[in-house]
Amino acid sequence: MSSYFCWHYRLVVPNLQSNNLFVYCFAGRTFVLEPKPVLMNEQEQKLKDSESAIASLQTSKEYLEKQITEVENNLRELLQQDPGLASQIMSMSRKTT
């Protein structure tokens, strides 16, 4: 959704560079005549919100990737310490297939 707003901002804002005081804004199935500064502010706010959401999601992604790596390492270490557990897991996986 955030990439949509970034794309929308880049598409709409250059078209707002005209000297018109009012522009048509899409509202549902209709178009509404809005003052140009209002539309510009809305587009800039949407862009800022989208950029902050992208940054937040990127941080979450990096954290979760580290967590996955840590869990994989812990599981690998556990299986190396107890070969009996590894064979039990392998036999369980053979039964399910």
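Since this is a predicted model, take the numbers as computed values, not measurements.

1. Some words on the overall build of the chain
A count of helical and extended segments in the chain gives three helices and two strands. Starting at the N terminus, the α and β elements of the chain follow one another as α-β-β-α-α. Looking at the chain residue by residue over its 97 residues, the buried ones come to 15%. Considering only residue pairs separated by 6 or more positions, the chain has 34% of its internal contacts joining residues 24 or more positions apart. For the chain, the accessible surface area stands at approximately 8,100 Å², while carbon and sulfur atoms represent 59% of it.

2. Structural notes on the pairing of strand E1 (residues 22–27)
Both E1 and strand E2 (residues 30–35) contribute to a ladder of six bridges, which runs antiparallel. Considered in E2, the bridge of Cys25 is made with Val32. Between E1 and E2, which pair antiparallel one after the other, the connecting turn spans two residues, and Gly28 there sits at a positive phi close to 70°.

3. Considerations on a nonpolar patch on the surface
On the surface, a cluster of nonpolar side chains totalling about 770 Å² of accessible area is made up of Leu21, Phe22, Tyr24, Phe26, Phe31 and Leu33. At the level of secondary structure, the elements contributing two or more residues to the nonpolar patch comprise E1 and E2. If one sorts the elements of the nonpolar patch by residue count, E1 sits on top with three residues. With respect to the helices, strands and loops of the structure, Phe22 is situated in strand E1.

4. Side note on helix H2 (residues 36–81)
The first and last C-alpha atoms of H2 sit 68 Å apart over 46 residues, in line with the 68 Å expected at 1.5 Å per residue. Along H2, the residues that are buried comprise Lys36, Leu39, Met40, Gln43, Leu47 and Ser50.

5. Re the confidence of the model for the chain
Residues at a pLDDT of 70 or more form 77% of the chain, whose mean pLDDT is 82. H2 holds the highest mean pLDDT among the elements of the chain, 92, whereas helix H1 (residues 2–15) holds the lowest, 64.

What counts and how
- Residues numbered from 1 in each chain as written.
- Predicted model: local features only at pLDDT ≥ 70, side-chain atom pairs only at ≥ 80, totals over all residues.
- Heavy atoms only, no water.
- Helix = DSSP H or I, 4+ residues; strand = E, 2+ residues; numbered from the N terminus.
- Buried < 20%, exposed > 50% of the residue type's maximum accessible area, 1.4 Å probe, protein only.
- Contact = heavy atoms within 4.5 Å.
- Areas by Shrake-Rupley, 256 points an atom, 1.4 Å probe, with all protein chains shown as cover.
- Pairing = 2+ DSSP bridges.
- Patch = residues over 30% accessible without salt bridge, like charges linked within 9 Å, V, L, I, M, F, W, Y side chains within 5 Å.
- Salt bridge = Lys/Arg side-chain N within 4 Å of Asp/Glu carboxyl O.
- Expected span 1.5 Å × (residues − 1).
- pLDDT = per-residue confidence, 0-100.

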